[in-house]
Amino acid sequence: MAVTTALAPRLAWFAAVARHEHVTRAAQELGVPQPTLSRAIARLEAELGVSLFARHGRALTLTPAGRTFLAPVERALVEVGRAAESVRADADPAAGKVAFGFLHTLGSETVPGLIRAFRVDHPGVRFSLVQNYGEAMLERLRAGELDLCLTSPVPEVPGLVARRLDEQRLRLVVPEDHRLAGRKRIRLAEAAEETFVTLEPGYGLRRITDDLCAEAGFTPKVAFEGEEAETLRGLVAAGLGVALLPPPAVARPGVVELTVTAPRAVREIGVAWLDGHPDTPPVAAFKKFLLSRRGNLLPEP
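Parameters at a glance
Residues numbered from 1 in each chain as written. Predicted model: local features only at pLDDT ≥ 70, side-chain atom pairs only at ≥ 80, totals over all residues. Heavy atoms only, no water. Pairing = 2+ DSSP bridges. Helix = DSSP H or I, 4+ residues; strand = E, 2+ residues; numbered from the N terminus. Axes fitted to C-alpha atoms, helices over the stretch in contact; angles between N-to-C directions. Buried < 20%, exposed > 50% of the residue type's maximum accessible area, 1.4 Å probe, protein only. Right-handed = clockwise from strand over helix to strand, strands pointing away. Left-handed = near helix turned anticlockwise from the far one by under 90°. Contact = heavy atoms within 4.5 Å. Nonpolar A, V, L, I, M, F, W, Y, C, P; charged D, E, K, R; others polar.

Which residues make up the sheet that holds strand E8 (residues 185–187), and what are the values?
With mixed pairing, the four strands of this open sheet are ordered in space as E8-E12-E7-E11. The open sheet terminates on both sides in strands that have one partner only, identified here as E8 and strand E11 (243–245). Here the strands of the sheet are splayed against their neighbours by 45° on average, with no regard to which way each runs. Of the strand pairs in this sheet, strand E7 (residues 171–175) and E11 are connected by three bridges, and their pairing is antiparallel. The partner of Val173 across the bridge, within E11, is Ala243.

Take a look at the structure:
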């Protein structure tokens, strides 16, 4: 690895000399003194332990080893050039990229609305979107695969910065023929004997559900654990159980959604990013936009 790192700065110089077959002309193209270029090529040959060029006065020709070395060097230089252009493009203030993660339950209305509003002033910014549950997105933040994510609960973990943006009321969703379906409001303790359908352990909404039920004095009896809130709503309509869920984007037939009066049933939604990670201009602009929506993040129910 140390040898490869030492070779890297001289590869473009080697390719230029090979292209011109002349040190002076290559030095003029590169904008470096000819003696500096000659010494660099000599060091490269010494480090490799082979002669890359045959000298004919001031002219040079590639040796068989030089020809073998040149092809992968040129491919590597092309790839480096492409990578450099890609990162420059991603950081472009007007047309760069934001890698943005969000919860499944925010994907139908909230996130499309946010991106639509942001692009009014930043029409060229591109988004790489990841829809997942909270813990999975936080791992991708730590790995540098995401710039920002919307998640719930608002994380308090080392290495990440998080800011609360809004809260969303949760409702107890019951089948339309359920004994509680004629109610508008309910204390969660009244559902202690019900069977629940919930998200899988590890999902933020599952943790909130378990915590609210514990606060109401019971542990929920779970009939099904899923990965997506609207699937749970459908299973409630089918009579499999009841569920604590955020409001749907579109009202679903077959269920009744009750306001929970006690305990206070809400989930906080926040934005998180990697602590100390420098923002590109488009990421900084989108972060500022999200923070400006504090208290007004979610669409009207």
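Additional details are given in the paragraphs that follow.
Got a sec to walk through the pairing of strand E9 (residues 195–199)? Specific residues and values, please.
Counting buried positions along E9 yields four of five residues, so the element is predominantly enclosed. In this structure, E9 lies alongside strand E10 (residues 221–226), joined through five bridges in parallel fashion. Note on E10: the bridge partner recorded for Val197 is Phe224. The β-α-β motif built from E9, the intervening helix H7 (residues 204–215) and the parallel element E10 has right-handed crossover chirality.

Outline the packing of helix H5 (residues 110–121) against helix H9 (residues 281–292), listing residues and values.
Direction vectors running N to C along H5 and H9 enclose 115°, while the axes themselves pass 11 Å from each other. For the crossing formed where H5 meets H9, the hand is right-handed. Residues Leu114, Ala117 and Phe118 of H5 form the contact with H9, whose own contacting residues are Pro282, Ala285, Phe286, Phe289 and Leu290. Among the residues forming the contact of H5 with H9, the class breakdown is eight nonpolar, no polar and no charged.

Remember, this is a structural readout, not a statement about activity or role.
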